[in-house]
Amino acid sequence: MSSPVSSLAAAPETARRNGARRLADRVARVRELGIVVALGVLFGVTGAANPSFLSYGSIRDILLNSAIVALLAVGQTLVVVTRNVDLSVSSVVGLSAFGGALVLADHPAVPIPVVIAGCLLLGAACGAVNGLLVGAARVPALVATLGTLYALRGVDYAWAGSRQVNAADLPESFLALGTRSVLGVPLPALVALAVLLAVGWMLRNLRSGRELYAIGSSPEAAVLAGIRVRRRVLAAFVANGALAGLAGVLWAARFGTVDATVATGKELDVIAAVVVGGVAIFGGSGTVYGAALGAVLLASITSALAVLRVDALAQTAINGALLLAAIVLDRLLALRVAAALRRGRFRAR
């Protein structure tokens, strides 16, 4: 039972923690609101120049193009908030997409849910390898996942060889997963939305979710607080891998034609979406909602520039400039939050 004196001493610290949490939430909301405003301006300006950009078909294409990246960005956020990164997601997507498509092409009688479950397990296994390398072997995430990026892509090339699975080889019911719409909304976008809401709720309401932020804010303090850091980091990588496996299923269903080159280089788009969406690259803050909005913003910019007939190289440069701007803004906000917390600490004394 705590004494009145200890309770009074703990009160300023509790108030400071609550203030820090409120400030971090406010910063996250400002970042997400900024993306929404940027999307509104982008759609307004591009729609004024070319009204076809606002048509149902154009918006549907943007949702389809951003759904897979948004799904991967949600998983990547779980890893980034722990102060790590996973560069191997594109290879996991390629491996699961080819594996799932190959099973359905060679064994059409296999139920589609079994194939989806198999792809999820394959992705989770790849994520577990990354998690063990980073969490248990203490290999820096950048180095570990760069290695598995090339290793898994090599496995994919060795498995596929020169073979390509075409849409004609796949069941119509499977291809419908990538093309069907519900109330006008593409099914891949609904899948990404469902995953987004579930992971967002988990991060905000479950202890395991909040511990990921604690690990990213200060790994040493998380250890002292009794958080099982290695287990949480491993779980984040496994969940990220499973979502990459699901993204592989959607990729195969969306495009139909699958070979060993699927999703090559996609990891950069995913990391760009996460950073543009306000997830701190140094861990500890950011939301999956911001990361998903970042994916939609990048897909919208690509579509807008194509409608405005801007050169493809300029599109890449603009995406790079946007990424740098997001990192600079993230750093400025981090410094401002740190300064506000220091002021609050001095007032508490």
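The protein chain is annotated in an unreviewed UniProt entry as Autoinducer 2 import system permease protein LsrC from Actinomadura luzonensis. For the record of the protein chain, the UniProt heading Subcellular location (unreviewed entry) holds the text "Cell membrane". Per UniProt, the protein chain has the following entry under Function (unreviewed entry): "Part of the ABC transporter complex LsrABCD involved in autoinducer 2 (AI-2) import. Probably responsible for the translocation of the substrate across the membrane."

Peer 1: Quick question: what am I supposed to make of unusual backbone geometry here?
Peer 2: Backbone phi values are negative for most residues with the exception of glycine, while trans is the configuration of most peptide bonds. Even without being glycine, Arg83 reaches a positive phi, approximately 70°. For Arg83, the position within the fold is in the loop between helix H2 (56–80) and helix H3 (89–106). The backbone of Arg138 shows a phi angle near 60°, a positive value even though the residue is not glycine. With respect to the helices, strands and loops of the structure, Arg138 is situated in the loop between helix H4 (112–136) and helix H5 (141–160).

Peer 1: I would appreciate a short explanation of the nonpolar core in the present structure.
Peer 2: For soluble globular proteins, nonpolar side chains are generally found buried alongside one another. Leu71, Val93 and Phe174 are the most contacted members of the largest nonpolar core, which totals 62 residues. Not counting residues up to four positions away in its chain, the partners in contact with Phe174 are Leu104, Ile112, Val249, Ala252 and Ala253.

Peer 1: Help me out: how do you make sense of the environment of Ile327 in this one?
Peer 2: The topology assignment puts Ile327 in helix H13 (residues 312–348). Of the residues examined, Ile327 reaches a relative accessible area of 37% and is grouped as partly exposed. As for Ile327 and Val275, which are separated by 52 residues in sequence, their C-alpha atoms are 6.8 Å apart.

Peer 1: Whenever I open this one, the packing of aromatic side chains confuses me. Can you help?
Peer 2: Centre-to-centre distance and the angle between the planes together describe a pair of aromatic rings. Across all of its chains, the model carries three aromatic pairs by this definition. Measuring from centroid to centroid gives 5.6 Å for Phe98 and Trp159, while their planes differ by 80°, and the two rings are edge-to-face. Remark: Trp159 occurs in helix H5 and Phe98 occurs in helix H3; sequence separation between them is 61 residues. Take Phe98: its relative accessible area is 1%, and that puts it in the buried class. Just above the ring of Phe255 sits the side chain of Arg254; from NZ or CZ to the centre is 5.0 Å.

Basis of the calculations
- Residues numbered from 1 in each chain as written.
- Predicted model: local features only at pLDDT ≥ 70, side-chain atom pairs only at ≥ 80, totals over all residues.
- Heavy atoms only, no water.
- UniProt positions renumbered as here; feature names shortened; annotations may be inferred.
- Helix = DSSP H or I, 4+ residues; strand = E, 2+ residues; numbered from the N terminus.
- Core = buried A, V, L, I, M, F, W, Y, C linked by side-chain atoms within 4.5 Å.
- Buried < 20%, exposed > 50% of the residue type's maximum accessible area, 1.4 Å probe, protein only.
- Contact = heavy atoms within 4.5 Å.
- Phe/Tyr/Trp six-rings, centres within 6.5 Å; stacked < 30°, edge-to-face > 60°.
- Lys NZ or Arg CZ within 6 Å of the ring centre and 35° of its normal.

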